[in-house]
Amino acid sequence: MSISRRTARPLRVLGVAAASAAVALGTAGTALACDISEFSAEAKCLDGNGVIVVTDKDASGTPAVVTVFLENNGADVKRIGSPQTVQGTAKGATVSFAEAWEPNAEYRVHVKAGGKLVDADIEPNLRTPSAACAPAAPSTPATPSQPATATPSAPATSAAPSTPAAGTPTPSQSSTAPAGTTVDNAPSPAAGDSNLAETGASSNTGLIVGIAVALVVVGGGAVFYGMRRRGAGSGR
């Protein structure tokens, strides 16, 4: 059965389109497939402790299992921790393995993803830096807060002592004077009487009395003489 030219031409166009689509899908599938080249490893220090960080930049997000081994002369010495699963992103997803690595040590990092899609080591093997991690600086302990000290309240101000009423003896005045102490409450003697106050009688008392008596006698005589003259004058 022969195919006419009119029928063959559309079939040819359809075949070309199908082939182009297949090539495009194959290219896209290859671009999105997980590949070992999208994985990397690095030895770092975190807070003074060693750590091995594996980064997955698989844009397809295919889950991958990562295992790390310490190497010595091309042989595995020990496995570091447990295998960890990472799901890559275009920006990169990471997993970390705590390891107190030594300078210039060698580690083999194996990746397995998508069944048999990826089952290989990251090449070349990881080589640690030539200097070990410096210990983290000790944190300054927080200063304990001082307990709040209660501020003592100011003592109540005592009321000013009341002024005693006039005439009321103060405690110092009313208190009994000690034995053997002369209480000097008597008024001071007036000027000129100091001799009387001291001895009870002046040493010049006799002289004063004598002068007074003489004056009285003279005065009496004068009065008597005057009265006689007045009587004589009236008799004439």
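Counting starts from 1 at the beginning of each chain's written sequence and moves along it residue by residue. In keeping with the model being predicted, local features are shown solely for residues with a pLDDT of at least 70 and side-chain atom pairs are shown and tallied solely at 80 or more, while totals for entire chains, interfaces and linings include all residues. The side-chain values count all of the structure's non-hydrogen atoms but skip hydrogen atoms and water molecules.

## Focus on the side chain of Arg 108
Secondary structure elements follow DSSP: runs of H or I of four or more residues count as helices, runs of E of two or more count as strands, with numbering from the N terminus. By secondary structure assignment, the location of Arg 108 is in strand 7 (residues 106-113). Three exposure classes are used, based on accessible area relative to the maximum for each residue type with a 1.4 Å probe and protein chains only: buried under 20%, partly exposed in between, and exposed over 50%. You can call Arg 108 buried: its relative accessible area is 17%. Looking at Arg 108, its side chain comes within polar contact range of the side chain of Asp 121, at 3.0 Å. Contacts are assigned to residue pairs that have any heavy atoms within 4.5 Å of one another. Arg 108 has contacts with Thr 67, Val 68, Phe 69, Glu 71, Asp 76, Asp 121 and Asn 125, leaving out every residue within four places of it along the chain. For the purposes of these results, a polar contact is taken to be a pair of N or O atoms within 3.5 Å, where, inside protein, one atom must be able to donate a hydrogen and its partner to accept one; residues adjacent in sequence count only when each atom of the pair is a side-chain atom.

## Quick notes on the pattern of salt bridges
The term salt bridge refers to a side-chain nitrogen of Lys or Arg lying within 4 Å of a carboxyl oxygen of Asp or Glu. Under the defined criterion, the tally for this structure stands at 5 salt bridges. Between Asp 76 and Arg 108 there is a salt bridge, and its shortest N-O distance comes to 2.7 Å. Note that Asp 76 is positioned in strand 4 (residues 75-79) and Arg 108 in strand 7, a separation of 32 residues in sequence. A residue is classified by how much of its surface remains accessible, and Asp 76, at 40% relative accessible area, is partly exposed. A salt bridge links Asp 121 to Arg 108; the shortest N-O distance between them is 3.0 Å.

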